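Below, each chain spelled out in residue letters.
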Amino acid sequence: MSTKSRRASNTNVTDFEDFFQGWLVRQEQLRSTLRTVSTHTDEDLRDLIAHVLAHYQQYYEEKSRIANHDVSLVFSPPWFSCFEQSFFWIAGFKPGLAFRIVSGSVSDMSEEQEDRMNRLRAETKEEERRLENEMARIQESVAAPPIVEITRRGDNPLVDGAYDEMEAAVEALRGEMEVVVGHADMLRTRTAERVVEILSPLQNIKFFAAVTELQLKIRVWGWQIEGESRRCPDVCTM
């Protein structure tokens, strides 16, 4: 990577980290608001739910920009501790985690809601499996031609176009990984939106209160375990 490219990469990482720190402040504010909701009309609750969804949508939009710049950053994000990353599935929390949170935070679902939630869980699990297979295919392709063949030949990168071949192969892999991350984020977003459709306004408040609580606790635990000066080694980011 050239000095200019490294400088641009560092700038993008710094910009995202600045955004993320502000996003976390707003996350904490949302947690406080969700904790203290009591007697509000359904309209007030729906407005708050829309605000929460917009908050997460902003994160995914910014994440998409950094992934477009360098997809490897979202697989090994320096703004998350290794402990946080241990919960990750394709550069983020697994969509199916939403159902475990619903089960632990909402105890008054009707039979119809339970049926709809179970169907959504099954559909989400199938989509997760499809994306896992696609990610496995991409990872396996690293050990397949043309990358291995170029490496085996031991070509001088300045001769016979070997460097260009390698660069093209790596860029193709990055492009495929970026697509999978985008699909995974869409599944995360779509799953949350469909959960919201199934739950009542007050049930959604309980759900999102549990979501924000879990995320912020995992973050605190991560930095307590590892210390803010430490970075997660590559081995635990996939």
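Residues numbered from 1 in each chain as written. Predicted model: local features only at pLDDT ≥ 70, side-chain atom pairs only at ≥ 80, totals over all residues. Heavy atoms only, no water.

**Notes on helix 2 (residues 42-69)**
One full turn of an α-helix is made of 3.6 residues, so residues set three or four places apart face in the same direction. Look at helix 2: 41 Å from first C-alpha to last across 28 residues, which is about the 40 Å you get at 1.5 Å a residue. Inspection of helix 2 places Leu 45, Leu 48, Ile 49, Val 52, His 55, Tyr 56, Tyr 59, Tyr 60, Lys 63, Ile 66 and Ala 67 among the buried residues, and these make up the whole buried set. (Helix = DSSP H or I, 4+ residues; strand = E, 2+ residues; numbered from the N terminus. Expected span 1.5 Å × (residues − 1). Buried < 20%, exposed > 50% of the residue type's maximum accessible area, 1.4 Å probe, protein only.)

**Examining unusual backbone geometry**
Note: most peptide bonds trans; most residues except glycine with negative phi. Residue Ile 90 is not a glycine yet carries a positive backbone phi of 50 degrees. Tracing the backbone shows Ile 90 in the loop between helix 4 (82-85) and helix 5 (97-105). You can call Ile 90 buried: its relative accessible area is 11%. You will see that Ala 91, though not glycine, has its phi angle at about 65 degrees, which is positive.

**Let's talk about the packing of helix 5 against helix 9 (residues 201-226)**
When two helices pack together, their arrangement is given by the angle between the helix axes and the distance between those axes. The contact between helix 5 and helix 9 brings their axes to 9 Å, and the two run at 115 degrees. Pair helix 5 / helix 9 crosses with right-handed handedness. Residue-level contacts link Leu 97, Ala 98, Ile 101, Val 102 and Ser 105 of helix 5 to Lys 206, Phe 207, Ala 210, Val 211 and Leu 214 of helix 9. Tallied by class, residues from the contact of helix 5 with helix 9 come to 8 nonpolar, 1 polar and 1 charged. (Axes fitted to C-alpha atoms, helices over the stretch in contact; angles between N-to-C directions. Left-handed = near helix turned anticlockwise from the far one by under 90°. Contact = heavy atoms within 4.5 Å. Nonpolar A, V, L, I, M, F, W, Y, C, P; charged D, E, K, R; others polar.)

**Quick look at the packing of helix 5 against helix 6 (residues 111-141)**
Packing of helix 5 against helix 6 leaves a shortest axis separation of 10 Å and a crossing angle of 155 degrees. Judged on the interaxial angle alone, helix 6 and helix 5 are roughly antiparallel. In this structure, helix 5 uses Phe 99, Val 102 and Ser 103 to contact helix 6, whose residues at the interface are Met 117, Leu 120, Arg 121 and Thr 124. Looking at side-chain class alone, the contact of helix 5 with helix 6 contains 4 nonpolar, 2 polar and 1 charged residues. (Parallel < 35°, antiparallel > 145°, perpendicular 65-115°, else oblique.)

**A word on the pattern of salt bridges**
Throughout the structure, instances matching the rule amount to 15 salt bridges. Glu 132 is the salt-bridge partner of Lys 94, the closest N and O atoms lying 3.5 Å from each other. Within this pair, whereas Lys 94 is found in the loop between helix 4 and helix 5, its partner Glu 132 is found in helix 6, the two being separated by 38 residues in sequence. The network of salt bridges with shared partners includes Glu 28, Arg 31, Arg 35, Glu 213 and Lys 217. (Salt bridge = Lys/Arg side-chain N within 4 Å of Asp/Glu carboxyl O.)

**Description of helix 6**
Between its terminal C-alpha atoms helix 6 stretches 45 Å, which fits the 45 Å expected from 31 residues at 1.5 Å a residue. For helix 6, the set of buried residues is Gln 113, Met 117, Leu 120, Thr 124, Glu 128, Leu 131, Met 135 and Ile 138.

**What about a nonpolar patch on the surface?**
On the surface, a nonpolar cluster with roughly 300 Å² of combined accessible area is contributed by Val 220, Trp 221 and Ile 225. In this fold, Trp 221 is placed in helix 9. (Patch = residues over 30% accessible without salt bridge, like charges linked within 9 Å, V, L, I, M, F, W, Y side chains within 5 Å. Areas by Shrake-Rupley, 256 points an atom, 1.4 Å probe, with all protein chains shown as cover.)

**A closer look at a negative patch on the surface**
Together, Glu 111, Glu 112, Glu 114 and Asp 115 make up a negatively charged patch on the protein surface. For Glu 114, the location among the structural elements is in helix 6. (Lys, Arg positive; Asp, Glu negative; His and termini not counted. Charge placed at Lys NZ, Arg CZ, Asp CG, Glu CD.)

**Topic: the environment of His 69**
Checked against the element boundaries, His 69 lands in helix 2. Once the C-alpha coordinates of His 69 and Val 13 are considered, the two residues, 56 residues apart in sequence, prove to be 9.7 Å apart.

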